[in-house]
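Analysis of the macromolecular model
Residue strings, one per chain:
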Amino acid sequence: DDETAADAKEPELGEKNPLAETKESKPTTRQAAPAAAGRTTSLDLDSAVSSCDGEIETTRGLLEPIVERRPKLSDKLLSKPPFRFLHDVISEVIRRTGFAAGLFDDVEADSSQVSEKQAKIAYLTKIIQLVGLQLDVAVEARPAKIVSGLEADKTNTFLQLLAVAAKQAPNSAANVRKVVAEHGGGDGDGDLAAGNSSRRDE
């Protein structure tokens, strides 16, 4: 009986309790599951957003894989982006990725019909707001400054964020509806285009 009692005693200080060691060997926190192949994680998205620095080379590196050859992303155009150039870039991003599909109506989608200053500001306001909603970031580019040819670095940052959103978070139908509800316009094709984009990404 004395031996049994001795075996049941708590281990002395410094000794290892085999039972406690077994329990402690199990992780106490849940490990994050690995991301599915081809799916962007929030960490990837945060990293991509953080890399948007307003530099021309960064803009070119992010946009060229999307727009390819047209419009040409030259230093001259990116150093002081004119509205027509921005309209061409945005239109090509929409066409090739499906991001922001349904945001603009037929008039807004035709750059020749977006000639007045207020119309240009309204156009840029919608796409800038959409990018901010989609990425959950504050986009510092100001439409009135862009139209006036000012703050090119912030315009470049916006273009970089546009590329990130189009590549990594292209299914924008829900946020398109929010922006259109606030500002008007839109062509109602956002859901269909988002579905097509999703299939292309698979």
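Here, the structure is the one placed above.
All values reported here derive from a predicted model rather than from experimental measurement.

**A closer look at the packing of helix H8 (residues 117-135) against helix H10 (residues 152-168)**
Interaxial distance between H8 and H10 falls to 10 Å at its minimum, and their mutual angle equals 55°. When the axis of H8 is compared with that of H10, the two are oblique. H10 is crossed by H8, and the crossing has left-handed handedness. Between H8 and H10, the contacting residues are Ile127, Ile128, Val131, Gln134 and Leu135 on the first element and Phe158, Leu161, Leu162, Val164 and Ala165 on the second. When grouped by side-chain class, the residues that make up the contact of H8 with H10 number nine nonpolar, one polar and no charged.

**As for the pattern of salt bridges**
With the rule as written, the count across this model stands at seven salt bridges. For Asp75, the salt bridge goes to Arg60, with nearest N and O atoms at 2.3 Å. Of this pair, Asp75 sits in helix H5 (residues 75-79) while Arg60 sits in helix H4 (residues 56-67); the two residues are 15 residues apart in sequence, bridging distant segments of the chain. Residue class for Asp75 comes out partly exposed when judged on its relative accessible area of 44%. The salt bridge involving Glu68 is made with Arg96; its shortest N-O contact spans 3.1 Å. With a gap of 28 residues between them, Glu68 in the loop between H4 and H5 and Arg96 in helix H6 (residues 83-97) connect regions that are remote in the sequence. According to the relative accessible area criterion, Arg96 is partly exposed, its value standing at 33%. Taken together, the salt bridges that share partners define one network made up of Glu57, Arg60 and Asp75.

**Some words on the side chain of Ser111**
When you line up the elements, Ser111 lands in the loop between helix H7 (106-109) and H8. For Ser111, a relative accessible area of 14% translates into the label buried. At a separation of 3.1 Å, a polar atom in the side chain of Ser111 contacts the side chain of Arg84. In this view, Ser111 contacts Arg84 and His87; residues no more than four positions away in its chain are not counted.

**Focus on the packing of aromatic side chains**
As enumerated under the stated definition, the model contains two aromatic pairs in all. Ring geometry for Phe83 against Tyr123: centres 5.6 Å apart, planes inclined by 80°, an arrangement best described as edge-to-face. Here Phe83, found in helix H6, pairs with Tyr123, found in helix H8; they are 40 residues apart in sequence, far enough to count as distant. Taking relative accessible area as the criterion, Phe83 reaches 11% and is therefore assigned buried. Taking 4.1 Å as the distance between ring centres and 15° as the angle between the ring planes, the aromatic pair formed by Phe104 and Tyr123 counts as stacked. Of this pair, Phe104 sits in the loop between H6 and H7 while Tyr123 sits in helix H8; the two residues are 19 residues apart in sequence, bridging distant segments of the chain.

The rules behind each value
- Residues numbered from 1 in each chain as written.
- Predicted model: local features only at pLDDT ≥ 70, side-chain atom pairs only at ≥ 80, totals over all residues.
- Heavy atoms only, no water.
- Axes fitted to C-alpha atoms, helices over the stretch in contact; angles between N-to-C directions.
- Helix = DSSP H or I, 4+ residues; strand = E, 2+ residues; numbered from the N terminus.
- Parallel < 35°, antiparallel > 145°, perpendicular 65-115°, else oblique.
- Left-handed = near helix turned anticlockwise from the far one by under 90°.
- Contact = heavy atoms within 4.5 Å.
- Nonpolar A, V, L, I, M, F, W, Y, C, P; charged D, E, K, R; others polar.
- Salt bridge = Lys/Arg side-chain N within 4 Å of Asp/Glu carboxyl O.
- Buried < 20%, exposed > 50% of the residue type's maximum accessible area, 1.4 Å probe, protein only.
- Polar contact = N/O pair within 3.5 Å; in protein donor to acceptor, adjacent residues only side chain to side chain.
- Phe/Tyr/Trp six-rings, centres within 6.5 Å; stacked < 30°, edge-to-face > 60°.

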